[in-house]
Amino acid sequence: MKGFAALAGMLLLAGCATGPSLENRDAVTAPPGDSRHLTVGSAGFTESDLLAQMYSLLLRQAGYRTSMLTVANRELYEPALESGQIDVVPEYAATFADWLDAKAHGPDAPPVGSPDLTATMKALRSLAAPRGLTVLAPGRAVDQNAFAVTGAYARQHRLKTLSDLGASGLKVRLAAGDECVKRPYCEPGLRKTYGIDVTAVDPKGVGTTQAKKAVQSGRDQMVLTTTTDATLGEFGLVLLADDKHLQNADYIVPVVNRSRAGSERVTKALGALNGVLTTADLAAMNQQVDSWRRLPEDVARTYLKEKGLLKPT
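Because the structure is a prediction, the values reported are computed rather than measured. (Residues numbered from 1 in each chain as written. Predicted model: local features only at pLDDT ≥ 70, side-chain atom pairs only at ≥ 80, totals over all residues. Heavy atoms only, no water.)

Student: Whenever I open this one, the overall build of the protein confuses me. Can you help?
Tutor: Along the backbone of the protein there are 14 helices and 10 strands. Computed over the C-alpha atoms, the radius of gyration of the protein is 21 Å, within 12% of the 20 Å expected from 2.2 N^0.38 for a compact globule of 313 residues. In terms of overall dimensions, the protein has C-alpha extents of about 60 × 50 × 35 Å along its principal axes. Per-residue burial for the protein yields a buried fraction of 51% across its 313 residues. (Helix = DSSP H or I, 4+ residues; strand = E, 2+ residues; numbered from the N terminus. Rg over C-alpha atoms; globule rule 2.2 N^0.38 Å. Buried < 20%, exposed > 50% of the residue type's maximum accessible area, 1.4 Å probe, protein only.)

Student: Got a minute to help me understand unusual backbone geometry in this structure?
Tutor: Glycine aside, negative phi is the norm for most residues, and most peptide bonds take the trans geometry. Notably, arginine 158 is not glycine yet its phi reads approximately 55°, a positive angle. The backbone phi angle of arginine 293 is positive, close to 65°, even though this residue is not glycine.

Student: What exactly am I supposed to notice about the state of the cysteines here?
Tutor: Such a bond, covalent and formed between the sulfur atoms of two cysteines, is termed a disulfide. Applying the stated criterion across every chain, the model contains one disulfide. Two residues, cysteine 180 and cysteine 186, share a disulfide whose sulfurs are 1.8 Å apart. With the S-S bond torsion at -85°, the cross-link from cysteine 180 to cysteine 186 turns out left-handed. Look at cysteine 180 and you get buried, because its relative accessible area is 1%. (Disulfide = S-S within 2.5 Å.)

Student: I tried to follow the sheet that holds strand 8 (residues 222–226) on my own but got confused; where do I start?
Tutor: Sheets are built from strands that pair by backbone hydrogen bonding, the pairs being arranged parallel or antiparallel. With respect to topology, five strands assemble into an open sheet ordered 7-6-8-5-9, the strand pairing being mixed. If you trace the sheet from one side to the other, it starts and ends with strand 7 (197–203) and strand 9 (237–240), each paired once. Ignoring strand direction, the axes of neighbouring strands in this sheet form an average angle of 40°. Judged from the two bridges that link them, strand 6 (residues 171–176) and strand 8 form a sheet pairing that is parallel. Note that in strand 8 the partner of alanine 175 across the bridge is valine 223. Taken strand by strand, helix 10 (residues 209–217) contacts strand 5 (145–150), strand 6, strand 7, strand 8 and strand 9, and its axis lies near 145° from that of strand 8. (Pairing = 2+ DSSP bridges. Axes fitted to C-alpha atoms, helices over the stretch in contact; angles between N-to-C directions. Contact = heavy atoms within 4.5 Å.)

Student: What exactly am I supposed to notice about the pairing of strand 5 here?
Tutor: In the case of a regular strand, side chains alternate between the two sheet surfaces. Within strand 5, five of the six residues are buried, leaving the element largely enclosed by the surrounding structure. Across four bridges, the pairing between strand 5 and strand 8 is antiparallel. Among the inter-strand pairings, phenylalanine 147 is bridged to a residue of strand 8, identified as leucine 224.

Student: Just to check I follow, could you spell out the nonpolar core for this structure?
Tutor: One recurring pattern in soluble globular proteins is that nonpolar side chains are buried together. Core analysis: the largest hydrophobic core is formed by 33 residues, its most contacted members being Met54, Leu59, Leu273, Leu277 and Leu304. Looking at this core, the elements with two or more residues in it are strand 1 (37–42), helix 3 (46–61), strand 3 (88–92), strand 10 (252–257), helix 12 (264–271), helix 13 (279–290) and helix 14 (296–306). Ranked by residues supplied to this core, first place goes to helix 3 with eight residues. Other than its neighbours up to four places away in sequence, leucine 59 contacts Leu38, Val40, Tyr64, Thr66, Val88, Val266, Ala269 and Leu270. (Core = buried A, V, L, I, M, F, W, Y, C linked by side-chain atoms within 4.5 Å.)

Student: How should I be thinking about the packing of aromatic side chains in this particular structure?
Tutor: Two numbers describe a pair of aromatic rings. These are the distance of the centres and the angle of the planes. Across all of its chains, the model carries two aromatic pairs by this definition. Their ring planes at 25° and their centres at 6.5 Å tell us that phenylalanine 45 and tyrosine 92 sit as a pair that is stacked. In this pair, phenylalanine 45 sits in the loop between strand 1 and helix 3 while tyrosine 92 sits in strand 3, placing the two residues 47 residues apart along the sequence. Between phenylalanine 96 and tryptophan 99 the ring centres are 6.3 Å apart and the planes differ by 15°, which places this aromatic pair in the stacked class. Here phenylalanine 96 and its partner tryptophan 99 are both found in helix 5 (residues 93–105), three residues apart, which amounts to about one turn of the helix. Taking relative accessible area as the criterion, phenylalanine 96 reaches 0% and is therefore assigned buried. (Phe/Tyr/Trp six-rings, centres within 6.5 Å; stacked < 30°, edge-to-face > 60°.)

This is how it looks when you write it as C-alpha cells:
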C-alpha cells in the first residue's frame with residue numbers, strides 16, 4: 001500500500017506527543033495555522049484519489065507547496081491528520097461523523113450521521129473540533145448508497161423513484177452485501193420507508209460486477225450501489241431516486257488539521273469546488289479513471305481547467 005509503511009513508521013516515532021492531548025484540545029485558543037507545505041491525504045480508492053488531487057492542485061494555485069500521501073486505512077490516517085502528519089483529506093460527512101463518534105464513545109454508540117445534512121454537520125464538527133480538526137463546508141457532491149434497476153425494467157414498470165417501486169407491489173430480489181439484511185438503510189429501510197417487497201438478498205456485494213450482472217441478467221431485480229458508480233451504463237442500469245431520503249448525508253467535505261491548515265486561505269482555495277463539483281461530475285471522473293485508465297491527476301487537472309478553477313499553465 002503506497003505510503004502505508006512510511007506513515008506507520010512516522011506514527012511509531014511521533015506517538016501521541018505531537019499536539020495537545022484530546023482532553024485539552026478544546027481549550028486551545030491559538031489562531032488557525034497556515035503552513036507553507038501541506039500534505040494531502042487519500043484513502044486509496046479512485047474517488048478519494050481524484051478529490052485529493054483536486055485539493056492539491058487548488059492549494060498549489062493558492063501558493064502552497066503540496067505533497068500526497070495515500071493511506072487506505074482510516075484507523076491510521078485519522079490520527080495522522082490529528083497530529084499534522086497529514087494536513088487535509090476528503091471525507092464523507094455522515095460516515096466520518098459516525099466513525100469519530102464510535103471512536104469517542106465506543107462501537108455501540110448510536111449513529112449521529114443521518115439524512116439531515118445540517119444535523120450531520122453539526123454532530124461532525126462537534127466531534128472533530130476537540131481533536132484539532134476543522135470540517136469545511138460541504139458542496140453539492142454526495143456519494144451515498146443507492147439502488148439501481150435495469151433501464152428496461154424501469155421503463156416497463158414506469159419507475160423513477162423508490163416510492164414508485166414500493167407502490168408497484170413488485171417482488172424484488174436484491175443484489176447487495178450480506179449485511180444488507182440488518183442495515184437500516186438497506187432491506188429493513190426499503191421495507192419500512194418505501195414498502196418494497198424484498199423477497200431475498202443475494203449476497204454479491206455492494207456495486208460489484210457480479211451483483212450488476214445478476215440484475216442485468218434478470219436473476220435479481222435491483223442492486224445496491226452508490227450515487228457515483230461510474231459503470232452503471234455498461235450494464236444497462238439506472239438509479240431509482242431516494243425520494244424519501246432513506247440514505248445518510250454522505251456529502252463530500254474537506255477535513256483539515258486546524259493548527260496547520262485552518263487558515264481562511266485554505267478554506268477559500270478548497271471551497272472553490274463547492275459551487276461546481278456535482279455527484280454526476282464525480283461519477284464521470286471515476287469512469288475516466290476506472291474504465292478509460294486515465295491518471296487521477298490528469299483527470300482532476302482537466303476538470304478544474306474546464307470549470308475555470310485552474311489557470312492554464
